[in-house]
Amino acid sequence: MQKDLLCIEQICKSFGPTKANRNVDLTVSKGEIRGLAGENGSGKSTLASIICGIQRPDSGQMFVNGEKYAPASPQEAAKYNVSMVVQELGVIPMLTGAVNMFLGKMEPFTKAGIVNLREVEHRAQEVLNHWELGKVPLNCPMGEMSIEQRKIIELGRALATDPDILVLDEITQALSHDTKQIIYTLKNRFQKEGRSMVIITHDLEEALEICETVTVLRDGEVVDTVESKKLTLDMLKQMMIGREISGGYYREDNSPDYEQDVVLNVENFTLKGGQVSDISFKLHKSEILAVCGLSDAGIHSLGSGLFGIDKRASGSVKVVQTGYVLNRPQDAIKNGGAYLSKNRDEEGLMLYATIQDNLFIPSAKECSGKFGFLSPKKINELATKTYEEFNVKATGLNQVISHLSGGNKQKINLGRWLTKDLKFIILDCPTRGVDAGVKAYIYQVILEAKEEGLAILLITDELTEALGMADRILVMKESREATILERGSDFNEHTIIEVML
Amino acid sequence: MLLKQGINRLSKRRISQLKVIITLIVIYGVLNIGLSGRIFTVDNIKTVIAHSIFPAFVAWGMSFIFIGGIIDLSIGANILLSANIGATLAETYHLGYPGLIIGTLACCIIIQHLSVQCSVSLHIPSWVAGLGMALILEAILTLFATYLANNLNERLPSMKTYTALGEMPLMLIIWIIGLVAAYLLYTRSNIGLNLQAVGNNTDVASAMGINRKKTIFIAVVIGSIFIGVAAIVQISYATSMAAKSGLGSLSGIFKSLATVLLAQSFERVAPMPVGILISAIVVMSIFNVLTMLGVPTGTGQEMFLGAIVIVCGIFSHLGYKGVEK
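Parameters and conventions
Residues numbered from 1 in each chain as written. Chains lettered and ligands numbered in written order. Predicted model: local features only at pLDDT ≥ 70, side-chain atom pairs only at ≥ 80, totals over all residues. Helix = DSSP H or I, 4+ residues; strand = E, 2+ residues; numbered from the N terminus. Buried ≥ 20, exposed ≤ 12 C-beta atoms within 10 Å, placed from the backbone. Contact = placed C-beta atoms within 7 Å. Pairing = 2+ DSSP bridges. Axes fitted to C-alpha atoms, helices over the stretch in contact; angles between N-to-C directions. Nonpolar A, V, L, I, M, F, W, Y, C, P; charged D, E, K, R; others polar.

Participant: Any chance you could explain the overall build of chain A here in plain terms?
Facilitator: Assigned secondary structure in chain A consists of 17 helices and 22 strands. Buried positions account for 49% of the 501 residues belonging to chain A. Long-range contacts, defined here as pairs at least 24 residues apart, represent 68% of the contacts in chain A between residues at least 6 apart.

This is the structure:
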């Protein structure tokens, strides 16, 4: 028992008729890095939230260092040196990074009821330095930070309690290629210091790379716990899904395959804030053009900028067929364009609306009757068709979207656009926060859309995704275009990283 | 790299601050020239400050209550009732300043809590509960006035002896103390930070170990104290406050509401308490300038006030991406 840092016995947790965890047994040794793998809805996040005191189990028991452990809150968990970074962004946007890091734990910085914010900032900086989390502005409101910066602050918040057990729920998918190194450094440090980590990630390759052991969950139950070195990617997928996944994730051809008709012509595109500078490219019919770069390269700003959300300083984005120059999102939509933000929950979906409302909104015009009023019949037809086509797992069209898993949310987010007659689509990290099954499904949908002639700009933090899906890859460095690589020629991870750096 | 992005965003905030300050200086500079230097006279500045104390204190109080998601519209009626109770204790029952201060503050805190609890405990929208409470409080004050007239042959009290809190320089000192207290409590205290967290995202705040109910309770006490001070200063300055009916008390807090709205639009530029101070001065000086320009009071002046609120909102949100709710 002493060697086990965390021991979980027969944990059960239900939400109404749904059994999220069923008789889960799990032990994590000192210095062990454990992965939790499973499809969306397999019960990983529920288990993690039970470990960290966010939720209480219906039955079962837990031990930390051999001592009985039943936290009623994250604060109580912290007393046992257990902390967590949650999947969804858990920060207060109007408060600064430093305050967010210590919110609810301000006593050491408070004298006569007044908080010494300088000391808070100083301590926050110490945490960032101590754990080598990089440089993040600490006196800037969180609402003005990127997703990546927010995640680093959340990680700092979890590490500020000096945890023996750190649970990370889907953190790496919010991080860019270079910032992910932080997790690797942290992992080495934890192992060396005899601390443990429980990592939930949908990036299975990463799970096998970072974790020593992986526990696979399916339908709330533990399927098995296996040493990573004894597992292959396919074996892991099979354990998660319970059957063999036919075919690979990605396309198998080795040469570019798109038509010569140009759909979108981008010339010397520069954003007002300078996040993107002097970018030029042509996006062709049936082409997937991937965009890669380090965290400050401006790849995500390029997506929102091209769609007209961020203001352009110079250059142009022209829809070649109509000759229309895009300035605003309305222009892009009118000209057959669509955009999926990386920040799906805040910038993509109406979280507290129903599935049906989310599905029909982009097609509201098409759902109008003779006099311009919305036709409930047309709305229902469109929503049902998309819901079925994209195989959304929910209780029905009237379910509020906030309760769905990440994969199902993304199916709705993507599906509602792809049912329209689009000419081009900008996808910013479309597989962020989705499991292996949904990921494979999304790739299949993207490839089908490509076959049908859709021009796709695929912005991604995952090089394997870019390499696996794209006809060409635009690599950005310091807000500018570094190079454009074509499928088949120098199309490998090594070349891209060399250009990125 | 990440730091560079953050610094860019910070400098945007500084630029917005500068834009607002320069705009205000230019507008008032031009108006001062146009009005032959009548704006920047000592007497006029004193008048503007004296008039801005009441909306500033009420707005500080509102900011503590509103941020927790409680939009209470009974504050005007609360002020009328509390001020008159305090004044009655001070003047009619000869309890002097202790009667005025303790009576007003205690009454204000109790009523404010009743109003908030009415919304929180009964699970009804706060603005609905607030309107109901406003009608009840107005009726109570009217009944109180009737009782005084019928049984004691008196009217609602008029402040004659204990008016120092409504005179300069004490008003100015109270104003400065109010600003320092509001700033420290809102931006530098545990309760202020917790309250901002609860107002922003209750679920995240709870996950961070913040007790929502306790936070709102303390915030209402703090907000009530600011509103109570506003009531004390106002009745001391104006010497009396008449009973109102049919939600007439709402008009008494209109300028404070405008101040809070304006300060909210400044929030990306200046912390809320400082924004409230600036907004209160801006709001009152608008009325001051409009009066000098001969714009009729009432509808004419309020139309200008509305336009200025919108313009300030546009300025403070320049470069902001997203939808304001």
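Participant: Explain the sheet that holds strand β16 (residues 312-319) of chain A here, please?
Facilitator: Strand-to-strand pairing in sheets goes through backbone hydrogen bonds, with the strands running parallel or antiparallel. Residues and elements named next belong to chain A. If you trace the four strands from one edge of the open sheet to the other, you get β14-β13-β16-β17, paired in antiparallel fashion. The open sheet terminates on both sides in strands that have one partner only, identified here as β14 (279-284) and β17 (324-325). Two strands pair when backbone bridges link them, and β16 and β17 are joined in this way by two bridges, in the antiparallel orientation. Pairing of Lys318 across the sheet is with Val325, part of β17. Relative to the sheet, helix α9 (residues 299-306) contacts β13 (262-271), β14 and β16, its axis offset from that of β13 by approximately 115 degrees.

Participant: Help me understand the interface of chain B and chain A, please; the structure alone is not making it clear to me.
Facilitator: Across the contact, 26 residues belong to chain B and 34 residues belong to chain A. For the side of chain B that touches chain A, the secondary structure elements donating two or more residues are α1 (2-34), α6 (170-188), α7 (190-200) and α8 (202-207) of chain B. Top contributing element to the side of chain B that touches chain A by residue count: α1 of chain B, with nine residues. Looking at the side of chain B that touches chain A, its residues break down into 13 nonpolar, nine polar and four charged.

Participant: Got a minute to help me understand the environment of Ile110 of chain B in this structure?
Facilitator: As for its placement among the helices and strands, Ile110 of chain B is situated in helix α4 (residues 96-122). For the pair Ile110 of chain B and Val221 of chain B, spaced 111 residues apart in sequence, the C-alpha to C-alpha distance is 8.7 Å.

Participant: Just to check I follow, could you spell out the pairing of strand β9 (residues 165-169) of chain A for this structure?
Facilitator: Look at any regular strand and the pattern is simple: side chains alternate between the two faces of the sheet. Residues and elements named next belong to chain A. Taken across its five residues, β9 has five buried, putting it largely inside the fold. Residues Ile165, Val167 and Asp169 line one face of β9 and the alternating positions Leu166 and Leu168 line the opposite face, and both faces are buried. Here four bridges tie strand β6 (residues 82-85) to β9, and the two strands are oriented parallel to one another. Within β9, the residue paired with Ser83 across the bridge is Leu166.

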